[in-house]
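Inside the fold
These are the residues of each chain, in order.
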Amino acid sequence: MYNSIMKLIIQIPCYNEEKTLPVTYKEIPESIGGIDEIEILVIDDGSADNTVETAKNLGIKHIVSHSKNLGLARAFDTGLKTSLKLGADIIVNLDADNQYRASDIDKLIKPLLDKKADIVIGARPIEKIKSFSPLKKVLQKLGSFVMRKISGTDVLDAPSGFRAFTKEAAKRINIFDNYTYTMETIIQASKKGLTVKSVPVEVNEDLRPSRLVKSNFDYIKRSVFTMMRFIIIYRPFKFFMIISLILFFLGLILGLRFLYFYITESGTGHIQSLILCAILILMGVQSLFFAIIADLLAINRKLIEDVQLNIKK
Ligand SMILES: Nc1nc2c(ncn2[C@@H]2O[C@H](COP(=O)(O)OP(=O)(O)O)[C@@H](O)[C@H]2O)c(=O)[nH]1
Ligand SMILES: [Mg+2]
(Lines give C-alpha, C1' and ligand atoms only; values in the text may rest on other atoms or scores of the structure.)
(Ligands and ions follow the chains in the order given, each with its own letter.)
Protein backbone atom coordinates (compact mmCIF):
# COMPACT_ATOMS: atom_id res chain seq x y z
CA MET A 1 0.00 0.00 0.00
CA TYR A 2 1.13 3.53 -0.66
CA ASN A 3 1.52 5.88 2.19
CA SER A 4 0.21 9.26 1.11
CA ILE A 5 2.34 11.28 3.52
CA MET A 6 5.63 12.42 1.98
CA LYS A 7 8.43 12.61 4.47
CA LEU A 8 11.66 14.35 3.59
CA ILE A 9 14.75 13.82 5.67
CA ILE A 10 17.60 16.26 5.19
CA GLN A 11 20.80 14.63 6.31
CA ILE A 12 23.80 16.75 7.21
CA PRO A 13 27.14 14.98 7.69
CA CYS A 14 29.18 16.95 10.21
CA TYR A 15 32.75 16.77 11.30
CA ASN A 16 33.55 19.62 13.66
CA GLU A 17 30.90 21.94 12.27
CA GLU A 18 29.80 23.87 15.39
CA LYS A 19 30.44 27.16 13.61
CA THR A 20 28.81 26.48 10.27
CA LEU A 21 25.94 24.16 11.23
CA PRO A 22 23.80 27.01 12.64
CA VAL A 23 24.28 29.00 9.41
CA THR A 24 23.30 26.00 7.31
CA TYR A 25 20.37 25.14 9.56
CA LYS A 26 18.93 28.65 9.41
CA GLU A 27 18.62 28.43 5.63
CA ILE A 28 16.56 25.24 5.61
CA PRO A 29 13.00 26.02 4.50
CA GLU A 30 10.15 25.19 6.88
CA SER A 31 7.95 23.87 4.14
CA ILE A 32 8.48 22.56 0.65
CA GLY A 33 5.80 21.91 -1.96
CA GLY A 34 4.81 18.27 -2.21
CA ILE A 35 6.36 17.41 1.15
CA ASP A 36 4.28 16.83 4.29
CA GLU A 37 7.03 16.40 6.86
CA ILE A 38 10.58 17.70 6.94
CA GLU A 39 12.98 16.27 9.47
CA ILE A 40 16.66 16.94 9.89
CA LEU A 41 19.30 14.36 10.66
CA VAL A 42 22.78 15.30 11.72
CA ILE A 43 25.46 12.65 11.37
CA ASP A 44 28.22 13.55 13.77
CA ASP A 45 31.36 11.83 12.57
CA GLY A 46 33.24 11.77 15.87
CA SER A 47 33.44 15.56 16.12
CA ALA A 48 35.82 16.88 18.76
CA ASP A 49 34.03 20.22 19.05
CA ASN A 50 30.50 21.04 20.18
CA THR A 51 28.74 19.93 17.01
CA VAL A 52 26.36 17.66 18.92
CA GLU A 53 25.43 20.29 21.53
CA THR A 54 25.00 22.85 18.76
CA ALA A 55 22.67 20.51 16.90
CA LYS A 56 20.66 19.83 20.07
CA ASN A 57 20.39 23.54 20.85
CA LEU A 58 19.11 24.19 17.34
CA GLY A 59 16.36 21.67 18.06
CA ILE A 60 17.50 19.21 15.41
CA LYS A 61 15.37 16.14 15.88
CA HIS A 62 17.71 13.34 14.89
CA ILE A 63 21.38 13.10 15.74
CA VAL A 64 23.51 10.00 15.22
CA SER A 65 27.14 9.86 16.21
CA HIS A 66 30.11 7.79 15.20
CA SER A 67 32.30 7.16 18.23
CA LYS A 68 35.29 8.18 16.16
CA ASN A 69 35.98 9.93 12.86
CA LEU A 70 35.25 7.46 10.07
CA GLY A 71 35.20 9.85 7.13
CA LEU A 72 32.50 11.38 4.98
CA ALA A 73 31.65 8.25 2.97
CA ARG A 74 30.85 6.26 6.12
CA ALA A 75 28.92 9.19 7.56
CA PHE A 76 26.90 9.44 4.34
CA ASP A 77 26.14 5.71 4.48
CA THR A 78 25.07 5.95 8.15
CA GLY A 79 22.87 8.87 7.10
CA LEU A 80 21.07 6.90 4.38
CA LYS A 81 20.52 3.89 6.63
CA THR A 82 19.27 6.02 9.53
CA SER A 83 16.98 8.06 7.28
CA LEU A 84 15.43 4.86 5.94
CA LYS A 85 14.85 3.62 9.49
CA LEU A 86 13.20 6.95 10.30
CA GLY A 87 10.77 6.37 7.47
CA ALA A 88 12.06 8.83 4.88
CA ASP A 89 10.40 8.84 1.47
CA ILE A 90 13.00 11.24 0.12
CA ILE A 91 16.48 11.88 1.48
CA VAL A 92 18.47 15.00 0.70
CA ASN A 93 22.15 15.24 1.54
CA LEU A 94 23.27 18.74 2.46
CA ASP A 95 26.79 19.84 3.41
CA ALA A 96 27.21 21.40 6.83
CA ASP A 97 29.31 24.30 5.55
CA ASN A 98 26.37 26.00 3.82
CA GLN A 99 28.10 25.57 0.47
CA TYR A 100 24.79 24.58 -1.10
CA ARG A 101 21.57 26.54 -0.87
CA ALA A 102 18.88 24.81 1.09
CA SER A 103 16.38 26.98 -0.80
CA ASP A 104 17.27 24.86 -3.87
CA ILE A 105 15.94 21.70 -2.22
CA ASP A 106 12.55 22.11 -3.91
CA LYS A 107 14.25 22.19 -7.33
CA LEU A 108 16.36 19.20 -6.37
CA ILE A 109 13.48 16.98 -5.30
CA LYS A 110 11.06 17.96 -8.05
CA PRO A 111 12.19 15.22 -10.48
CA LEU A 112 11.73 12.71 -7.64
CA LEU A 113 8.21 13.91 -6.83
CA ASP A 114 7.40 13.84 -10.54
CA LYS A 115 8.78 10.29 -10.72
CA LYS A 116 11.22 11.38 -13.43
CA ALA A 117 14.32 10.28 -11.52
CA ASP A 118 15.54 8.12 -8.64
CA ILE A 119 18.54 10.26 -7.77
CA VAL A 120 19.06 13.95 -8.44
CA ILE A 121 22.44 15.65 -8.23
CA GLY A 122 22.74 19.40 -7.85
CA ALA A 123 25.11 20.68 -10.52
CA ARG A 124 27.16 23.66 -9.35
CA PRO A 125 28.10 26.48 -11.72
CA ILE A 126 31.79 25.46 -11.58
CA GLU A 127 32.89 28.25 -13.91
CA LYS A 128 31.43 30.93 -11.61
CA ILE A 129 32.77 29.66 -8.27
CA LYS A 130 35.28 32.26 -7.11
CA SER A 131 37.02 30.09 -4.54
CA PHE A 132 37.95 27.46 -7.17
CA SER A 133 41.30 28.01 -8.87
CA PRO A 134 41.44 27.60 -12.67
CA LEU A 135 43.18 24.24 -12.15
CA LYS A 136 40.51 23.07 -9.73
CA LYS A 137 37.84 24.03 -12.25
CA VAL A 138 39.56 21.98 -14.96
CA LEU A 139 39.97 19.04 -12.56
CA GLN A 140 36.34 19.13 -11.51
CA LYS A 141 35.20 19.11 -15.12
CA LEU A 142 37.64 16.38 -16.07
CA GLY A 143 36.48 14.30 -13.09
CA SER A 144 32.86 14.62 -14.17
CA PHE A 145 33.79 13.74 -17.75
CA VAL A 146 35.60 10.57 -16.67
CA MET A 147 32.67 9.66 -14.41
CA ARG A 148 30.28 10.05 -17.33
CA LYS A 149 32.43 7.62 -19.31
CA ILE A 150 32.77 5.06 -16.49
CA SER A 151 29.15 5.22 -15.37
CA GLY A 152 27.43 5.78 -18.70
CA THR A 153 25.27 8.52 -17.18
CA ASP A 154 25.13 12.17 -18.20
CA VAL A 155 25.85 13.58 -14.75
CA LEU A 156 27.11 17.17 -14.98
CA ASP A 157 28.79 17.59 -11.59
CA ALA A 158 29.96 14.23 -10.26
CA PRO A 159 31.64 15.38 -7.01
CA SER A 160 28.68 17.49 -5.91
CA GLY A 161 27.45 16.57 -2.44
CA PHE A 162 24.02 18.14 -2.85
CA ARG A 163 21.83 15.21 -3.77
CA ALA A 164 18.37 13.79 -3.37
CA PHE A 165 17.38 10.11 -3.29
CA THR A 166 14.08 8.30 -3.29
CA LYS A 167 13.86 5.73 -0.54
CA GLU A 168 13.99 2.96 -3.14
CA ALA A 169 17.26 4.34 -4.51
CA ALA A 170 18.68 4.76 -1.00
CA LYS A 171 17.91 1.13 -0.21
CA ARG A 172 19.85 -0.03 -3.22
CA ILE A 173 22.99 2.00 -2.74
CA ASN A 174 25.90 0.33 -0.93
CA ILE A 175 28.92 2.46 -0.18
CA PHE A 176 32.14 0.44 0.03
CA ASP A 177 34.63 3.21 -0.45
CA ASN A 178 35.81 5.01 2.66
CA TYR A 179 36.79 8.30 1.08
CA THR A 180 34.13 9.28 -1.36
CA TYR A 181 30.53 8.29 -1.78
CA THR A 182 29.94 10.72 -4.62
CA MET A 183 31.41 8.64 -7.45
CA GLU A 184 30.31 5.30 -6.07
CA THR A 185 26.63 6.22 -5.87
CA ILE A 186 26.67 7.29 -9.52
CA ILE A 187 28.31 4.08 -10.74
CA GLN A 188 26.01 1.88 -8.68
CA ALA A 189 22.96 3.81 -9.75
CA SER A 190 23.74 3.25 -13.40
CA LYS A 191 24.56 -0.44 -12.82
CA LYS A 192 21.27 -0.92 -11.00
CA GLY A 193 19.17 0.83 -13.60
CA LEU A 194 18.34 3.85 -11.45
CA THR A 195 17.78 7.16 -13.23
CA VAL A 196 20.20 9.91 -12.27
CA LYS A 197 19.29 13.51 -13.18
CA SER A 198 21.30 16.70 -12.84
CA VAL A 199 19.63 19.92 -11.78
CA PRO A 200 21.50 23.24 -11.83
CA VAL A 201 21.90 24.80 -8.38
CA GLU A 202 23.65 27.85 -6.99
CA VAL A 203 26.32 27.88 -4.29
CA ASN A 204 27.06 30.27 -1.44
CA GLU A 205 30.37 31.93 -0.75
CA ASP A 206 32.79 29.72 1.18
CA LEU A 207 32.57 29.94 4.95
CA ARG A 208 35.83 28.04 5.21
CA PRO A 209 38.15 26.16 2.86
CA SER A 210 37.35 22.57 1.86
CA ARG A 211 38.56 19.98 4.32
CA LEU A 212 38.04 17.03 2.05
CA VAL A 213 40.30 18.30 -0.70
CA LYS A 214 43.64 19.21 0.79
CA SER A 215 45.44 19.99 -2.46
CA ASN A 216 44.95 19.47 -6.16
CA PHE A 217 47.62 16.78 -6.18
CA ASP A 218 45.90 14.96 -3.32
CA TYR A 219 42.61 15.26 -5.20
CA ILE A 220 44.07 13.80 -8.41
CA LYS A 221 45.83 10.98 -6.56
CA ARG A 222 42.73 9.98 -4.67
CA SER A 223 40.49 10.28 -7.71
CA VAL A 224 42.73 8.10 -9.87
CA PHE A 225 42.97 5.46 -7.13
CA THR A 226 39.26 5.54 -6.54
CA MET A 227 38.41 5.25 -10.21
CA MET A 228 40.83 2.35 -10.63
CA ARG A 229 39.20 0.62 -7.69
CA PHE A 230 35.77 1.21 -9.15
CA ILE A 231 36.78 -0.27 -12.48
CA ILE A 232 38.02 -3.38 -10.64
CA ILE A 233 34.93 -3.57 -8.42
CA TYR A 234 32.30 -2.72 -10.99
CA ARG A 235 33.82 -3.95 -14.26
CA PRO A 236 35.90 -6.93 -13.05
CA PHE A 237 35.39 -9.08 -16.14
CA LYS A 238 36.46 -6.34 -18.49
CA PHE A 239 39.42 -5.43 -16.29
CA PHE A 240 40.90 -8.94 -16.09
CA MET A 241 39.96 -9.68 -19.69
CA ILE A 242 41.99 -6.69 -20.90
CA ILE A 243 44.99 -7.84 -18.84
CA SER A 244 44.55 -11.34 -20.17
CA LEU A 245 44.43 -10.21 -23.79
CA ILE A 246 47.50 -8.00 -23.42
CA LEU A 247 49.55 -10.83 -21.89
CA PHE A 248 48.25 -13.35 -24.40
CA PHE A 249 49.04 -11.19 -27.42
CA LEU A 250 52.51 -10.32 -26.17
CA GLY A 251 53.12 -14.06 -25.78
CA LEU A 252 51.63 -14.78 -29.16
CA ILE A 253 53.88 -12.23 -30.89
CA LEU A 254 56.95 -13.72 -29.24
CA GLY A 255 55.75 -17.20 -30.19
CA LEU A 256 55.26 -16.26 -33.81
CA ARG A 257 58.65 -14.61 -33.84
CA PHE A 258 60.16 -17.82 -32.48
CA LEU A 259 58.37 -19.88 -35.08
CA TYR A 260 59.56 -17.59 -37.85
CA PHE A 261 63.21 -17.98 -36.79
CA TYR A 262 62.68 -21.69 -36.12
CA ILE A 263 61.62 -22.19 -39.72
CA THR A 264 63.97 -19.76 -41.44
CA GLU A 265 67.04 -20.48 -39.29
CA SER A 266 66.54 -24.23 -39.12
CA GLY A 267 65.54 -24.60 -35.49
CA THR A 268 68.23 -23.18 -33.25
CA GLY A 269 68.38 -20.35 -30.69
CA HIS A 270 65.80 -17.90 -29.35
CA ILE A 271 65.07 -20.18 -26.39
CA GLN A 272 64.79 -17.16 -24.07
CA SER A 273 61.98 -15.65 -26.05
CA LEU A 274 60.31 -19.03 -26.21
CA ILE A 275 60.37 -19.24 -22.41
CA LEU A 276 59.01 -15.71 -22.08
CA CYS A 277 56.36 -16.53 -24.68
CA ALA A 278 55.23 -19.56 -22.67
CA ILE A 279 55.12 -17.57 -19.44
CA LEU A 280 53.14 -14.73 -20.99
CA ILE A 281 50.62 -17.08 -22.56
CA LEU A 282 50.22 -18.97 -19.29
CA MET A 283 49.70 -15.71 -17.40
CA GLY A 284 47.22 -14.64 -20.05
CA VAL A 285 45.25 -17.86 -19.63
CA GLN A 286 45.36 -17.43 -15.87
CA SER A 287 44.02 -13.90 -16.12
CA LEU A 288 41.23 -15.25 -18.28
CA PHE A 289 40.30 -17.56 -15.43
CA PHE A 290 40.46 -14.61 -13.05
CA ALA A 291 38.09 -12.76 -15.34
CA ILE A 292 35.66 -15.67 -15.25
CA ILE A 293 35.90 -16.01 -11.47
CA ALA A 294 35.49 -12.26 -11.03
CA ASP A 295 32.42 -12.42 -13.22
CA LEU A 296 30.97 -15.27 -11.17
CA LEU A 297 31.63 -13.26 -8.00
CA ALA A 298 29.91 -10.26 -9.54
CA ILE A 299 26.85 -12.39 -10.26
CA ASN A 300 27.00 -13.72 -6.73
CA ARG A 301 27.19 -10.22 -5.36
CA LYS A 302 24.15 -9.22 -7.36
CA LEU A 303 22.19 -12.09 -5.86
CA ILE A 304 23.29 -11.10 -2.36
CA GLU A 305 22.28 -7.51 -3.04
CA ASP A 306 18.83 -8.66 -4.14
CA VAL A 307 18.49 -10.58 -0.88
CA GLN A 308 19.72 -7.56 1.06
CA LEU A 309 17.20 -5.34 -0.71
CA ASN A 310 14.40 -7.71 0.24
CA ILE A 311 15.56 -7.69 3.85
CA LYS A 312 15.58 -3.88 3.90
CA LYS A 313 12.02 -3.88 2.53
N1 LIG B 1 31.63 12.67 8.27
C2 LIG B 1 32.59 13.47 7.86
N3 LIG B 1 32.23 14.55 7.23
C4 LIG B 1 33.19 15.33 6.82
C5 LIG B 1 34.55 15.07 7.00
N6 LIG B 1 35.23 16.07 6.43
C7 LIG B 1 34.29 16.90 5.93
N8 LIG B 1 33.06 16.45 6.18
C9 LIG B 1 31.75 17.00 5.86
O10 LIG B 1 31.56 16.93 4.49
C11 LIG B 1 30.91 18.09 4.02
C12 LIG B 1 31.77 18.75 2.97
O13 LIG B 1 33.05 19.04 3.50
P14 LIG B 1 33.93 20.21 2.96
O15 LIG B 1 35.12 20.31 3.83
O16 LIG B 1 33.08 21.43 2.83
O17 LIG B 1 34.39 19.69 1.54
P18 LIG B 1 33.98 20.17 0.06
O19 LIG B 1 32.84 19.32 -0.35
O20 LIG B 1 35.21 19.91 -0.75
O21 LIG B 1 33.62 21.62 0.13
C22 LIG B 1 30.64 18.94 5.25
O23 LIG B 1 29.30 18.71 5.64
C24 LIG B 1 31.63 18.42 6.27
O25 LIG B 1 31.17 18.53 7.59
C26 LIG B 1 34.90 13.90 7.71
O27 LIG B 1 36.05 13.56 7.96
N28 LIG B 1 33.87 13.14 8.11
MG1 LIG C 1 32.52 22.78 1.33
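One numbering rule holds for all chains: residues counted from 1, following each sequence as written. Each chain gets a letter, beginning with A, and each ligand a number, beginning with 1, in the order they are written. Local features in this predicted model are restricted to residues of pLDDT 70 or higher, and side-chain atom pairs are both shown and tallied only at a pLDDT of 80 or more, whereas totals for entire chains, interfaces and linings draw on every residue.

Bringing the overall build of the protein into the picture now. Secondary structure counts use DSSP, requiring at least four H or I residues in a row for a helix and at least two E residues in a row for a strand, with both numbered from the N terminus. Across its full length, the protein carries 10 helices and 7 strands. Radius of gyration: over C-alpha atoms. The globule rule applied is 2.2 Å multiplied by the number of residues raised to the 0.38 power. Taken over the C-alpha trace, the protein has a radius of gyration of 24 Å; the compact-globule value for 313 residues is 20 Å, which it surpasses by more than 25%. When its C-alpha atoms are laid out on the principal axes, the protein stretches across 90 × 50 × 35 Å. Each of the 313 residues in the protein was classed as buried or not, and the buried ones make up 36%. Here exposure depends only on C-beta density: within 10 Å of a residue's C-beta, 20 or more other C-beta atoms make it buried, 12 or fewer make it exposed, and intermediate numbers make it partly exposed, the C-beta atoms being placed from the backbone.

Each domain's extent is set by a domain assignment, obtained either automatically or from a database. One can read the domain layout of the protein as domain 1 (7–234) and domain 2 (236–312). Domain 1 and domain 2 are separated by 40 Å when their C-alpha centres are compared. Here contacts are defined at the residue level, using C-beta atoms placed from the backbone and a cut-off of 7 Å between them. Listed per partner, the contact involves 6 residues of domain 1 and 5 residues of domain 2. Of all elements in the fold, only helix 6 (167–172) and helix 8 (216–234) reach the threshold of two or more residues within the side of domain 1 that touches domain 2. Its residues placed into classes, the side of domain 1 that touches domain 2 shows 3 nonpolar, 1 polar and 2 charged. Gly is placed with the polar residues, together with every amino acid not listed as nonpolar (Ala, Val, Leu, Ile, Met, Phe, Trp, Tyr, Cys and Pro) or charged (Asp, Glu, Lys and Arg).

Here the focus is unusual backbone geometry. Excluding glycine, a negative phi dihedral is what most residues carry, and trans is how most peptide bonds are arranged. Not every positive phi belongs to a glycine, and N16 is a case in point at roughly 55°. Structurally, N16 is set in the loop between strand 1 (7–14) and helix 1 (21–26). A count of 18 C-beta atoms within 10 Å places N16 in the partly exposed class. For N98, which is not glycine, the phi dihedral falls at a positive 55°. On the secondary structure map, N98 appears in the loop between strand 4 (90–93) and helix 4 (105–113).

Turning our eyes to something else, we now look at the sheet that holds strand 5 (residues 119–123). Strands are treated as partners if at least two bridges between them are detected by DSSP. The mixed open sheet is built from 7 strands, whose spatial order is 3-2-1-4-6-5-7. The open sheet is flanked by strand 3 (62–66) and strand 7 (196–200), the only strands paired with a single partner. Between one strand axis and the next, the sheet turns by 20° as a mean value, whatever way the strands run. Two strands pair when backbone bridges link them, and strand 1 and strand 4 are joined in this way by 4 bridges, in the parallel orientation. Of the residues in strand 4, the one forming a bridge with L8 is I90. Only C-alpha atoms enter the line fits that serve as axes; for helices the fit covers just the stretch in contact. Angles between N-to-C directions range over 0 to 180 degrees.

Buried residues dominate helix 7 (residues 182–191), accounting for 9 of its 10 residues. Burial in helix 7 covers these residues: T182, M183, E184, T185, I186, I187, Q188, A189 and S190. Residues of helix 7 that are buried in the fold lie against strand 5, helix 5 (134–151), helix 6, strand 7 and helix 8.

Around ligand 1 lies a shell of 18 residues, among which D45, A75, A96, S210 and R211 are the nearest. Residue assignment for the shell around ligand 1 shows that the elements contributing at least two residues are strand 1 and helix 3 (72–85). Nearness between a residue and a molecule or strand is assessed with a C-beta atom placed from the backbone; a distance within 6 Å qualifies.

With that settled, the discussion passes to the pairing of strand 4. Side-chain positions along a regular strand alternate between the two faces of the sheet. Across the two faces of strand 4 the burial is the same, with I90 and V92 and I91 and N93 all buried. For strand 4 and strand 6 (residues 163–166), the ladder comprises 4 bridges, and the chain directions are antiparallel. The partner of I91 across the bridge, within strand 6, is F165.

Moving on: the packing of helix 5 against helix 7. Contact pair helix 5 / helix 7: the axes reach a minimum separation of 9 Å and the direction vectors enclose 30°. The orientation of helix 5 relative to helix 7 falls into the category roughly parallel. Considering only the axes of helix 5 and helix 7, their crossing is right-handed. Taking contact as the criterion, the partners of M147, I150 and S151 in helix 5 are, on helix 7, M183, I186, I187 and S190. Split into classes, the residues belonging to the contact of helix 5 with helix 7 amount to 5 nonpolar, 2 polar and no charged. For classification purposes, an angle smaller than 35 degrees is called roughly parallel, one larger than 145 roughly antiparallel, one from 65 to 115 roughly perpendicular, and anything else oblique. With the far helix as reference, a near helix turned anticlockwise by less than a right angle produces a left-handed crossing, and one turned clockwise produces a right-handed crossing.

As a further point, take the environment of G59. Turning to its location among the elements, G59 is positioned in the loop between helix 2 (51–57) and strand 3. Given 8 C-beta atoms within 10 Å, G59 falls into the exposed group. C-alpha of G59 to C-alpha of V224: the two residues are 165 residues apart in sequence and 41 Å apart in space.

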